[in-house]
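Analysis of the macromolecular model
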Amino acid sequence: MTETKKTVLIVGAGGFIGGFIAARALELGYETYVGVRASTSRRYLADSRLHFVVLDYDNEDAVAAALRECAPSQAGWDYIIWNLGATKVANPDDFDRINYRYILNFVRVIKHIGMVPEKFLYMSSLSALGLGDEKNYTPLDANTVPRPNTLYGVSKIKAEVCLEKSDIPWIIFRPTGVYGPHEKDYLMMIQSIDRHVDVSMGFKKQMLTFIYVDDLVDAMFAALAAPAEKVLHHKYIISEDRAYTQGEFRKIVAKHLGNKCVIPVKLPMWMVYVVSAAAEKLSAAQGKASTLNTDKYKIMRQRNWTCDISDAQRDFGFDPKWSLDRGIAETVRVYLESKNK
């Protein structure tokens, strides 16, 4: 007898991470559905085996109709991965609308139409925890009390609370900075180093953490496959198991760019704030989201991103395979290929 494939719906599949999730789901043998807006680019969703679910997140009735029409059965999907989110917006209110209200509405819909999955994996963020210990650099861990100091972080915590108050079987991931081929923010840093300049913010020691996209995706499917009693209603920090200074990051990138000579430039935080505020105002006037903004400034000002990932290691065998050196090597390789085309 042929074993029935497990089904997964990836909500917010159109972005950088979403394409990797979809590809890995197919590789692992899942019947894979991707939730996207009508306007979402399908550049990284070209595999003909993917099933598309077009969702209008602002309209609960439309979401319910789309789920009923596209679901593999009346019960819905075995697993749902919620990867939808905004990290930068033109209107600050959009953090709350996209990162909180959309998931609030979606949870209400799947309960109403009887499509609650076996596991619902929510992609939150390390920024949901806010400021850590910037004196002794104690790692952020599962017991860290959230103190989000950004609109982005607050919206992520509100979404987490929404799940905690619901009776659906949730798992929450709080990944640190995710990088890899096609990611845009770290690409800007790589491009700057490629031009022989590395700009860092502030003069106090800053410890940075990273997670390569493949390791993050592996962690998702390991958590989905783990026994429910081990992972349900748990929150996990997802990161490589070490931290780096800006200087270490710069040296790794420069090495893989062909041992580039790089001039490090440190900007005082007051100057970073002025530039961020100006960029935010200019972009808002143009109706666009700016990579530099006053919310992102607070994230850049944070000095301690060190993580304790022992809970994920214990509960579903999380074992990051991609060191920053290996991950940057692959990211730079793809960048150079694209640059030289």
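Above this text is the structure in question.
Because the structure is a prediction, the values reported are computed rather than measured.

Conventions used here
- Residues numbered from 1 in each chain as written.
- Predicted model: local features only at pLDDT ≥ 70, side-chain atom pairs only at ≥ 80, totals over all residues.
- Heavy atoms only, no water.
- Core = buried A, V, L, I, M, F, W, Y, C linked by side-chain atoms within 4.5 Å.
- Buried < 20%, exposed > 50% of the residue type's maximum accessible area, 1.4 Å probe, protein only.
- Contact = heavy atoms within 4.5 Å.
- Pairing = 2+ DSSP bridges.
- Helix = DSSP H or I, 4+ residues; strand = E, 2+ residues; numbered from the N terminus.
- Axes fitted to C-alpha atoms, helices over the stretch in contact; angles between N-to-C directions.
- Parallel < 35°, antiparallel > 145°, perpendicular 65-115°, else oblique.
- Nonpolar A, V, L, I, M, F, W, Y, C, P; charged D, E, K, R; others polar.

1. Quick notes on the nonpolar core
With 100 residues, the main nonpolar core has Leu67, Phe173 and Phe316 as its most contacted residues. Aside from chain neighbours lying at most four places away, what touches Phe173 is Leu121, Tyr122, Met123, Ser124, Ser125, Leu216, Ala219, Met220, Ala223, Tyr236, Ile238 and Phe316.

2. Re the sheet that holds strand S2 (residues 31–36)
Across the sheet, which stays open at both edges, the seven strands sit in the order S3-S2-S1-S4-S5-S6-S10 with parallel pairing between neighbours. This sheet does not close on itself; its edge strands, each paired only once, are strand S3 (51–54) and strand S10 (235–238). Across the sheet, the mean angle from the axis of one strand to that of its neighbour is 20°, orientation sign disregarded. By the bridge criterion, four bridges tie strand S4 (residues 79–82) to strand S5 (residues 119–123) in an arrangement that is parallel. Paired with Trp82 across the bridge in S5 is Tyr122. Contacting strand S1 (7–11), S2 and S3, helix H2 (residues 60–70) crosses the sheet at an angle of about 160° to S3.

3. Some words on the packing of helix H3 (residues 93–112) against helix H4 (residues 151–165)
Where H3 contacts H4, the axes come no closer than 8 Å and their chain directions differ by 10°. As far as their axial angle goes, H4 and H3 are roughly parallel. Only Leu151, Tyr152, Ser155, Lys156, Lys158, Ala159, Cys162 and Leu163 of H4 make contact with H3, whose side of the interface consists of Phe95, Asp96, Asn99, Tyr100, Ile103, Leu104 and Val107. Split by residue class, the contact of H3 with H4 holds 10 nonpolar, two polar and three charged.

4. Focus on the side chain of Thr7
With respect to the helices and strands, Thr7 occurs in strand S1. When residues no more than four places from it in sequence are discounted, the contact partners of Thr7 are Tyr30, Glu31, Pro72, Gly76, Trp77, Asp78 and Tyr79.

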